[in-house]
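# Chain and residue survey
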Amino acid sequence: MTLWNLGSINADHVYAVPHIPAPGETLAATGLSRGLGGKGANMSVAMARAGGRVAHLGAVGADGGWMLERLEGYGVDCAHVQRHDGPSGHAIITVDAAAENAITIWPGANREIDPEAVKRALERAERGDLFVTQNETSLQVEAAAQAHAQGLTVAYAAAPFDADAVRAVLPHLDLLVLNEIEAQQLAQALGQPVEALPVPNVVVTLGAKGCDWIETASGARHHVDAPRVEAVDTTGAGDTFTGYLLAGLSQGLAMPEALARATRAAALKVGRHGAADAIPTLEEVERAAL
Ligand code: RIB
Ligand code: NA
């Protein structure tokens, strides 16, 4: 089974800072690095590192060759990633000594994906494949609707959060992944608890506290604890979690096992600097003494 991911690809410029700058403050960084990021690319790398077969849908700009090479190096099929003339997406990320971050994104090519090309690429998907998307590209709703109509399992990570975007994609979803704050925002925007969403499975990530999985048909809520780790950089931890979760499901793991593996993978990522490049392999996840 193939995991189809319509997702952003960003060059992450990461500044290590003593604290996140306050409005009006000028601050010297203590470190600077560039790496592969974007919530979409991070998820594709996580799914591939977990052993999934991944086809990425998206776009990079003229400056994006190194990002495609890196994605392919991690085993992600980039045959359907478009090359544009303009700039690639990028992110300015400040990470402080307490592992907190602040992220500013320039979407670039991520918001200029050709709809016809995505449509044609997705037509190659097979019933039973899995489709996932997030909120850093265009075309989420169209692509999710097409995937759903073609009989794919459709998952959505509601990040960065936008209530209208979630509302539009909801009717096509089998699985929704949100963090605690996003779950509160969504409940408020819709005027109903996430337990009442018309999506069979809702997973709420709780950071160091693990995650909750809600089966909305019965209302059953299952909790999975996360291992305790020393956090150095939480960037991409949510993406690692979702990617590992979906790869696990594609490999036939039951939800509790897939969730347990995903929380371990995210915990390992939090102990490392960087986004896509810091996502652990399945072997590392299984071997780690967490
Ligand atoms: O979720 C982390 C990601 O958000 C970073 O890699 C950055 O590119 C932004 O998209
Ligand atoms: Na994240």
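Residues numbered from 1 in each chain as written. Chains lettered and ligands numbered in written order. Predicted model: local features only at pLDDT ≥ 70, side-chain atom pairs only at ≥ 80, totals over all residues. Heavy atoms only, no water.

### Remarks on the overall build of the protein
Within the protein, the regular secondary structure consists of nine helices and 14 strands. The globule rule puts the C-alpha radius of gyration for 290 residues at 19 Å, and the 18 Å found for the protein is close to it. Counting only C-alpha atoms, the protein reaches 50 × 45 × 40 Å along its principal axes. Here the protein holds 290 residues, and 53% of them are scored as buried. Within the protein, contacts between residues at least 6 apart in sequence are counted, and of these 62% link residues at least 24 apart. If you sum the accessible surface of the protein, you get close to 12,400 Å²; carbon and sulfur atoms cover 52% of it. The distance from the centre of the 20 positive side-chain charges to the centre of the 34 negative ones in the protein is 4 Å. (Helix = DSSP H or I, 4+ residues; strand = E, 2+ residues; numbered from the N terminus. Rg over C-alpha atoms; globule rule 2.2 N^0.38 Å. Buried < 20%, exposed > 50% of the residue type's maximum accessible area, 1.4 Å probe, protein only. Contact = heavy atoms within 4.5 Å. Areas by Shrake-Rupley, 256 points an atom, 1.4 Å probe, with all protein chains shown as cover. Lys, Arg positive; Asp, Glu negative; His and termini not counted. Charge placed at Lys NZ, Arg CZ, Asp CG, Glu CD.)

### Describing the UniProt feature "binding site: ATP" (unreviewed entry) in the protein
As annotated in UniProt, the feature "binding site: ATP" (unreviewed entry) corresponds to Asn179, Thr205, Leu206, Gly207, Ala208, Lys209, Gly210, Gly238 and Asp239 in the numbering used here. Tracing the backbone shows Leu206 in the loop between strand 12 (201-205) and strand 13 (211-215). The residues contacting Leu206, other than those within four sequence positions of it, are Glu180, Cys211, Asp212 and His223. Counting through the fold element by element, Gly207 comes out in the loop between strand 12 and strand 13. (UniProt positions renumbered as here; feature names shortened; annotations may be inferred.)

### Brief notes about the site of ligand 1
Near ligand 1, the surroundings consist of 14 residues, among which Asp12, Gly38, Lys39, Glu136 and Asp239 are the closest. The separation between an oxygen atom of ligand 1 and a polar side-chain atom of Lys39 is 2.8 Å. Residue Asn42 places a side-chain N or O atom 3.1 Å away from an oxygen atom belonging to ligand 1. Of all the secondary-structure elements, those providing two or more residues to the shell around ligand 1 are strand 2 (10-16), helix 1 (39-49) and strand 8 (101-106). (Near = heavy atom within 4 Å. Polar contact = N/O pair within 3.5 Å; in protein donor to acceptor, adjacent residues only side chain to side chain.)

### Structural notes on the pairing of strand 8
In the sheet, strand 7 (residues 89-95) pairs with strand 8 via six bridges, with the strands oriented antiparallel. Across the sheet, the residue bridging to Ile92 is Thr104, located in strand 8. Counted along the chain from strand 7 to the antiparallel partner strand 8, the turn is five residues long, and its residue Ala99 has a positive phi close to 75°. (Pairing = 2+ DSSP bridges.)

### With respect to the UniProt feature "binding site: K(+)" (unreviewed entry) in the protein
Under the UniProt annotation, the feature "binding site: K(+)" (unreviewed entry) is placed at Asp233, Thr235, Lys269, Arg272 and Gly274. Despite a sequence span of 42 residues, these residues sit close together in the fold, their greatest C-alpha distance being 9.4 Å. Tracing the backbone shows Lys269 in helix 8 (residues 255-270). Non-local contacts of Lys269, meaning those with residues more than four positions away in its chain, are made with Asp233, Thr234, Thr235, Gly236, Ala237, Thr240, Gly274, Ala275, Ala278 and Pro280. Engagement of the side chain of Lys269 in a polar contact is seen with the backbone oxygen of Thr235, the distance being 3.2 Å. Looking at the element boundaries, Arg272 is found in the loop between helix 8 and helix 9 (282-287). Accessibility expressed as a relative area gives 27% for Arg272, which makes it partly exposed. Apart from the residues lying within four places of it in its own chain, the contact partners of Arg272 are Val232, Asp233, Ala278, Ile279, Pro280 and Glu284.

### Overview of the pairing of strand 9 (residues 130-133)
Burial along strand 9 is two-sided: the face carrying Leu130 and Val132 and the face carrying Phe131 and Thr133 are both buried. Taken together, the four bridges between strand 1 (residues 2-6) and strand 9 define a ladder with parallel strand orientation. Residue pairing across strands places Asn5 opposite Val132, the latter belonging to strand 9. Two strands pair when backbone bridges link them, and strand 9 and strand 10 (residues 153-157) are joined in this way by four bridges, in the parallel orientation. Within strand 10, the residue paired with Val132 across the bridge is Ala155. At this point the chain moves from strand 9, through helix 4 (residues 140-149), to the parallel strand 10, and the crossover so formed is right-handed. (Right-handed = clockwise from strand over helix to strand, strands pointing away.)

### Re the pattern of salt bridges
Here the structure, examined in full by the defined rule, presents eight salt bridges. The residue Arg287 makes a salt bridge to Glu283 at a minimum N-O spacing of 3.1 Å. A residue pair is termed a helical-turn pair when its members lie 3 or 4 positions apart in one helix, as Arg287 and Glu283 do in helix 9 at four residues. By relative accessible area, Arg287 is classed as exposed at 59%. If you follow the salt bridges from partner to partner, you end up with Glu195, Asp212 and Arg221 in one network. (Salt bridge = Lys/Arg side-chain N within 4 Å of Asp/Glu carboxyl O.)

### Here's the deal with the packing of helix 7 (residues 237-250) against helix 8
The contact between helix 7 and helix 8 brings their axes to 8 Å, and the two run at 150°. By the angle class used here, helix 7 and helix 8 are roughly antiparallel. Handedness of the crossing formed by helix 7 with helix 8: right-handed. Between helix 7 and helix 8, the contacting residues are Ala237, Thr240, Phe241, Tyr244, Leu245, Ala247, Gly248 and Leu249 on the first element and Met255, Ala258, Leu259, Arg261, Ala262, Thr263, Ala265, Ala266, Lys269 and Val270 on the second. Looking at side-chain class alone, the contact of helix 7 with helix 8 contains 13 nonpolar, three polar and two charged residues. (Axes fitted to C-alpha atoms, helices over the stretch in contact; angles between N-to-C directions. Parallel < 35°, antiparallel > 145°, perpendicular 65-115°, else oblique. Left-handed = near helix turned anticlockwise from the far one by under 90°. Nonpolar A, V, L, I, M, F, W, Y, C, P; charged D, E, K, R; others polar.)

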